[in-house]
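# Structural description and commentary
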Protein chains: 2
Amino acid sequence: MNYCLASSAFPSSHTTLLRNKLSPFLFRRNRSHQSLQLCRRNFQIRAMRAVIQRVSSSSVTVDGRIVSEIGPGLLVLIGIHESDTDADADYICRKVLNMRLFTNESTGRGWDQNVMQRGYGVLLVSQFTLYGFMKGNKPDFHVAMPPEKAKPFYASLVERFQKAYKPDAVKDGVFGAMMKVNLVNDGPVTMQLESPQSSKNETKASTES
Amino acid sequence: MNYCLASSAFPSSHTTLLRNKLSPFLFRRNRSHQSLQLCRRNFQIRAMRAVIQRVSSSSVTVDGRIVSEIGPGLLVLIGIHESDTDADADYICRKVLNMRLFTNESTGRGWDQNVMQRGYGVLLVSQFTLYGFMKGNKPDFHVAMPPEKAKPFYASLVERFQKAYKPDAVKDGVFGAMMKVNLVNDGPVTMQLESPQSSKNETKASTES
């Protein structure tokens, strides 16, 4: 069982009492702001991230040459955390392919069909900057999976998408290359997704307590 | 002071004892997964969100007509939460304009200069889908600020950017319109940002406890 509570709910006498009882089990900070941020950080950073854009078309250019392109479908930017496993990849793959982001043309109903039902394309592009945390105004990327580990992991993610949908409908960029990613965001429709690694978060919380 | 803790840190005998002591102050669930998600949700959903893409160029087309365009700079998709205030707008404006996402051409140093130092453009586009939470595979947008309130709020955000930078460098889309947002993501570089509304979160946590 997990608890999450705010100081404003505690009379101060209770706070001291409870702090003494709880201190071996809690990770806490003197300043509530810091504590909240730590809590928030623990729940946010241990997951695979995706930014999904519904596109009319999209392509990837490297050194002025188009290396990959799709027509209508989804451009999916993928940020891999250093702790990510196959379970994260499974979740992101399943959710992205099944998200109902398209209108059903025959009924006119919005948010009704997924990319597979429309037979549309999926363009996957690795994007380590999704794990950029701002230190002041400068992004810091240290929790992104290091490239030597992320490259094969990302390749297996692309394969996972291709197997779950169909190989020729799923394209990708060039891992680690400087790319120009062209897209026409249709709507626009942009979604943010994180794999829900509660088990990982629990482990982290307990080791830090 | 805020606490966030995981059940795995508690021996079961302590859990019962502590639950009795803490029950008036806690919002809890029988299943740890639900509780963790609730905790996570409370820390995530009460903030302004932005997805920032570093672009070579970007434009917005409505009904086949280009209504706004920039050259190199930032395309910023903005998701407004129903509880957002001027403080959230202040934070997002300041952070976006000061994020060091550009290479300093004279020194070759990466992640060194912000959009203002380069004199580049900023294209703001409202994007309520950033507040889409998946209910199964269907996105639900009920925590996004309703359009009648979001429209003037978003307009004031655009003005805020224009005042903080310079009016002709900051463009926007057409609120509520069906748009095609064209962009060339350069790198790619995509950042996610949320306003850190710890005070709002504390209030919510205490009212839900």
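Thresholds, definitions, all that
- Throughout, a residue's number is its position along its own chain's written sequence, starting from 1.
- Here chains are named by letter from A upward and ligands by number from 1 upward, in the order in which they appear as written.
- Note on the predicted model: pLDDT of at least 70 is required for a residue's local features to be given, and 80 or more for side-chain atom pairs to be given and counted; whole-chain, interface and lining totals, by contrast, use all residues.
- Hydrogens are left out, water is left out, and the side-chain values use all remaining heavy atoms of the structure.
- The way it works is that DSSP assigns letters per residue, a run of H or I at least four long becomes a helix, a run of E at least two long becomes a strand, and they are numbered from the N terminus.
- Here, residues are in contact when the closest pair of their heavy atoms is within 4.5 Å.
- For every accessible area listed, the method is Shrake-Rupley and the probe measures 1.4 Å; residues are considered covered only by the protein chains on display.
- Every axis corresponds to a line fitted to the C-alpha atoms, with the helix fit spanning only the stretch in contact, and the corresponding angles, defined between N-to-C directions, vary from 0 to 180 degrees.
- For this classification, under 35 degrees means roughly parallel, over 145 means roughly antiparallel, 65 to 115 means roughly perpendicular, and everything else is oblique.
- Each crossing gets its hand from how the near helix is turned against the far one by less than a right angle, where anticlockwise is left-handed and clockwise is right-handed.
- Classification used: nonpolar for Ala, Val, Leu, Ile, Met, Phe, Trp, Tyr, Cys and Pro, charged for Asp, Glu, Lys and Arg, polar for all others including Gly.
- We define a salt bridge as a side-chain nitrogen of Lys or Arg found within 4 Å of a carboxyl oxygen belonging to Asp or Glu.
- For every residue, the accessible area (1.4 Å probe, protein chains only) is compared with the maximum for its type, and the residue is labelled buried under 20%, exposed over 50%, or partly exposed between those bounds.
- In predicted models, pLDDT denotes the confidence assigned by the predictor to each residue on a 0 to 100 scale.
- By definition, two strands form a pair when at least two bridges between them are found by DSSP.
- For the purposes of these results, a polar contact is taken to be a pair of N or O atoms within 3.5 Å, where, inside protein, one atom must be able to donate a hydrogen and its partner to accept one; residues adjacent in sequence count only when each atom of the pair is a side-chain atom.
- Stacked, edge-to-face and tilted are the three classes for Phe, Tyr and Trp ring pairs, Trp counted by its six-membered ring, which pair at centre distances within 6.5 Å; planes under 30 degrees apart are stacked, over 60 edge-to-face, the rest tilted.

### Quick notes on the overall build of chain A
If you tally the helices and strands in chain A, you get 6 helices and 11 strands. In chain A, the proportion of contacts linking residues at least 24 apart, taken out of those at least 6 apart, comes to 73%. As displayed, chain A offers around 8,700 Å² of accessible surface, 48% of which is attributable to carbon and sulfur atoms.

### Digging into the packing of helix H3 (residues 86-98) of chain B against helix H5 (residues 147-164) of chain B
Residues and elements named next belong to chain B. In contact at an axis separation of 10 Å, H3 and H5 are set at 40 degrees when each is read in the N-to-C sense. The angle between H3 and H5 places the two elements in the oblique class. Along this stretch, H3 crosses H5, giving a crossing that reads as right-handed. Across the interface between the two elements, Asp86, Ala89, Asp90, Ile92, Cys93, Val96 and Leu97 of H3 pack against Phe153, Leu157, Arg160, Phe161 and Ala164 of H5. Residues that form the contact of H3 with H5 fall into these classes: 9 nonpolar, no polar and 3 charged.

### Focus on the pattern of salt bridges
Residues and elements named next belong to chain A. Under the criterion given, the structure shown has 16 salt bridges over all chains. The partner of Arg160 in a salt bridge is Asp90, and the shortest N-O contact between them spans 2.4 Å. Of the two residues, Arg160 sits in helix H5 (residues 147-164) while Asp90 sits in helix H3 (residues 86-98), which places them 70 residues apart along the sequence. Residue classification places Asp90 among the partly exposed residues on the basis of a relative accessible area of 41%.

### As for the confidence of the model for chain A
Residues and elements named next belong to chain A. Scored by pLDDT, chain A comes out at a mean of 80, with 72% of its residues at no less than 70. With pLDDT under 50 throughout, residues 1-43 is counted as low confidence; its partners more than four residues away or in other chains account for 114 contacts. Here residues 202-209 scores under 50 on pLDDT; set against residues more than four positions off or in separate chains, the count is 19 contacts.

### Thoughts on the pairing of strand S4 (residues 73-79) of chain A
Regular strands place their side chains on alternate faces of the sheet. Residues and elements named next belong to chain A. Of all 7 residues that make up S4, 7 are buried, and the element is covered over most of its length. Sheet analysis places strand S2 (residues 49-62) next to S4, joined by 7 bridges and oriented antiparallel. Within the sheet, the bridge partner assigned to Arg49 lies in S4 and is Gly79. In this structure, S4 lies alongside strand S7 (residues 121-126), joined through 6 bridges in parallel fashion. Directly across from Val76, in S7, lies its bridge partner Leu124.

### Comments concerning the environment of B:Val115
All names here are of chain B. Mapped onto the elements of the fold, Val115 is located in helix H4 (residues 115-118). Sequence separation between Val115 and Gly64 is 51 residues; the distance between their C-alpha atoms is 29 Å. Dropping the residues within four chain positions of it, Val115 is found in contact with Gly73, Leu74, Val96, Leu97, Met99, Phe102, Tyr120, Gly121, Val122 and Tyr165.

### A look at the side chain of A:Thr190
Within the secondary structure, A:Thr190 sits in strand S11 (residues 179-194). By relative accessible area, A:Thr190 is classed as buried at 0%. In this structure the side chain of A:Thr190 is engaged in a polar contact, spanning 3.0 Å, whose partner is the side chain of A:Asn185. The contacts of A:Thr190, once residues within four sequence positions are left out, are A:Val51, A:Ile52, A:Gln53, A:Asn185, B:Leu77, B:Gln127, B:Thr129 and B:Leu130.

### Some remarks on the packing of aromatic side chains
Evaluated as defined, the whole model comprises 10 aromatic pairs over all chains. Plain terms: the ring middles of A:Phe128 and A:Phe141 are 5.1 Å apart, the flat faces sit at 75 degrees to each other, and that makes the pair edge-to-face. Here the residue A:Phe128 occupies a position in the loop between S7 and strand S8 (133-135), and A:Phe141 occupies one in the loop between strand S9 (138-140) and H5, the gap between them amounting to 13 residues. We classify A:Phe128 as partly exposed; its relative accessible area is 44%. Following the ring pairs from residue to residue traces out a cluster consisting of A:Trp111, B:Phe128 and B:Phe141.

### A few points about the environment of A:Pro167
Along the chain, the position of A:Pro167 falls in the loop between H5 and strand S10 (170-172). Here A:Pro167 falls in the exposed class, since its relative accessible area comes to 56%.

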